[in-house]
Amino acid sequence: MLETSSRLLSLLALLQTRPAWTGTELAERLEVTTRTVRNDIDRLRELGYPVDATRGPAGHYQLGVGAKLPPLLLDDEEAVAVAVGLHTGASIAGMADSSARALTKLEQVLPHRLRRQVNAVHRAMEKGPEITGSNVEAPEIEPAVLTAIAACIRDEHQLRFDYVLPDGVSMRSAGSGIGHELPVLVEPYRLVSWQRYWYLVARDEAGEWRTYRVDWMSLRMATGRRYQPRPMPGDDYTDFVLRDVASTGWKVHARITVFAPAEEVLSRIHAAVGVVESVDDSTSVLVTGGESLEIVAVYIGMLGLDFHVDGPPALLEHLQTIGNRYLQAIR
């Protein structure tokens, strides 16, 4: 038989893995009597874990929802961040099962108000395809900002915010959301995470679809004003962000002549992150970009096809530098 402290942890772990357990099932798993199970349930309640009990033929125990987060050593923002991260991890190869198990345990004990926040963020967010890593530092986003935007999406409330470019950022890098008088008032529809940035897809006051970098947004007071949803056809929010960033948001834009048919190039990239123009049966032009010269160099190298860089000149210089570096490595 396990010692009392170890048994309580084992009992808590069992209660977090599925919604309901009978006293007999718990007793068998813990190798104790049902009376010991009842006593251990009382100890968990004294420690702040809300355990509900249902009597009768279908009687069972289940971990309930309390008025506050049980002692998990997490504050509210941390609990929401962990839950959202686990939702994301559930789609990553090799982590799906463990992320799903951990998420089930956490959601069992989240208070209703936090569970609503997690569900709002999860339903509101999408993730773009990861092409490769980045040597550009990702901006930090306050969890409260994502939560507030997600709540407006969930509740179909208009969102008001200031949208200001940081020093040194060109208008071309600002995305289609720039150019409005401040504050901006939109109908928010989806949060999209791509290449370590968060983007909001929304309709502006003129009814046009726009993307906004979340790290450039400063939220104003909540409007509380409802809007009648008019979703994007096909729910194509992620591809819309990729296309919009491809045309306006990259810091480096490149034009590459690829010595392969357009169909071959398109089969090796995500169609939304580059425009491919056919020149002839064996040649095409790829217009693409990235956050730095290093990233663009990696992208075009990953094509696995012969190419010629038409511009910009800085990319030509960078390729010459890394080309010489590779040649020196094999001499």
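Refer to the structure presented above.
Numbers given for residues are sequential positions, taken from 1 along each chain in its written order. Predicted model: local features are reported for residues with pLDDT of at least 70 only, side-chain atom pairs are reported and counted for 80 or more only, and whole-chain, interface and lining totals are derived from all residues. Side-chain numbers here rest on the full set of heavy atoms in the structure, without hydrogens or water.

**Q** Can you explain the overall build of the protein chain? Please cite residues and give values.
**A** Summing up its helical and strand segments, the protein chain has eleven helices and twelve strands in all. Burial classes: relative accessible area under 20% of the type maximum marks a residue as buried, over 50% as exposed, and values in between as partly exposed (1.4 Å probe, protein chains only). When each of the 331 residues of the protein chain is scored for burial, the buried share is 42%. Whether two residues are in contact is decided by their heavy atoms, any of which lying within 4.5 Å being enough. By sequence separation, contacts in the protein chain at least 24 residues apart represent 65% of the contacts at least 6 residues apart. Computed with the Shrake-Rupley method and a 1.4 Å probe, the accessible areas treat only the protein chains shown as cover for residues. Approximately 17,800 Å² of the protein chain is accessible, and the part contributed by carbon and sulfur atoms is 52%. A run of H or I in DSSP counts as a helix once it spans at least four residues, and a run of E counts as a strand once it spans at least two, with each numbered from the N terminus.

**Q** Please provide a residue-by-residue account of the pairing of strand 6 (residues 197–203), values included.
**A** Of all seven residues in strand 6, seven are buried; the element is thus mostly enclosed. Because side chains alternate across strand 6, one face comprises the buried residues Tyr197, Tyr199, Val201 and Arg203, and the other comprises Trp198, Leu200 and Ala202, equally buried. Relative to strand 6, strand 5 (residues 184–194) is paired through seven bridges, and the arrangement is antiparallel. When the sheet's bridge partners are listed, Pro188 is paired in strand 6 with Ala202. For two strands to be treated as a pair, DSSP must find no fewer than two bridges joining them. Relative to strand 7 (residues 209–213), strand 6 runs antiparallel, the two being bridged by five bridges. Following the sheet pairing, Tyr199 is matched in strand 7 by Arg213. Counting the residues that bridge the hairpin from strand 6 to strand 7 gives five residues, and of these Gly207 lies at a positive phi of roughly 85 degrees.

**Q** Describe the nonpolar core, and please don't skip the residues or the numbers.
**A** Counting residues in hydrophobic clusters, the biggest one holds 32 residues, and the most contacted among them are Phe161, Leu191, Leu200, Tyr212 and Met217. Secondary structure elements with two or more residues in this core: helix 4 (76–89), helix 5 (96–109), helix 6 (112–124), helix 7 (143–155), strand 4 (159–163), strand 5 and strand 6. Setting aside chain neighbours within four positions, we find Met217 in contact with Ile149, Leu159, Phe161, Asp162, Tyr163, Leu200 and Tyr212. What makes a nonpolar core is a set of buried Ala, Val, Leu, Ile, Met, Phe, Trp, Tyr and Cys residues whose side-chain atoms join them at distances within 4.5 Å. Of all hydrophobic cores here, the second largest spans 18 residues; its members include Leu14, Leu15, Leu30 and Val32.

**Q** Give me a negative patch on the surface: which residues, what numbers.
**A** Patches here: salt-bridge-free residues with over 30% relative accessible area, like charges joined within 9 Å, nonpolar side chains (Val, Leu, Ile, Met, Phe, Trp, Tyr) joined within 5 Å. The salt bridge criterion pairs a side-chain nitrogen of Lys or Arg with a carboxyl oxygen of Asp or Glu, the two atoms within 4 Å. Only four residue types enter the charge count, namely Lys and Arg as positive and Asp and Glu as negative; His and the chain termini do not. Where a charge lies is defined by one atom per residue type: Lys uses NZ, Arg uses CZ, Asp uses CG and Glu uses CD. Taken together, the side chains of Asp75, Glu77, Glu78, Glu140 and Glu142 make up a negatively charged region of the molecular surface. Relative to the helices and strands, Glu78 resides in helix 4.

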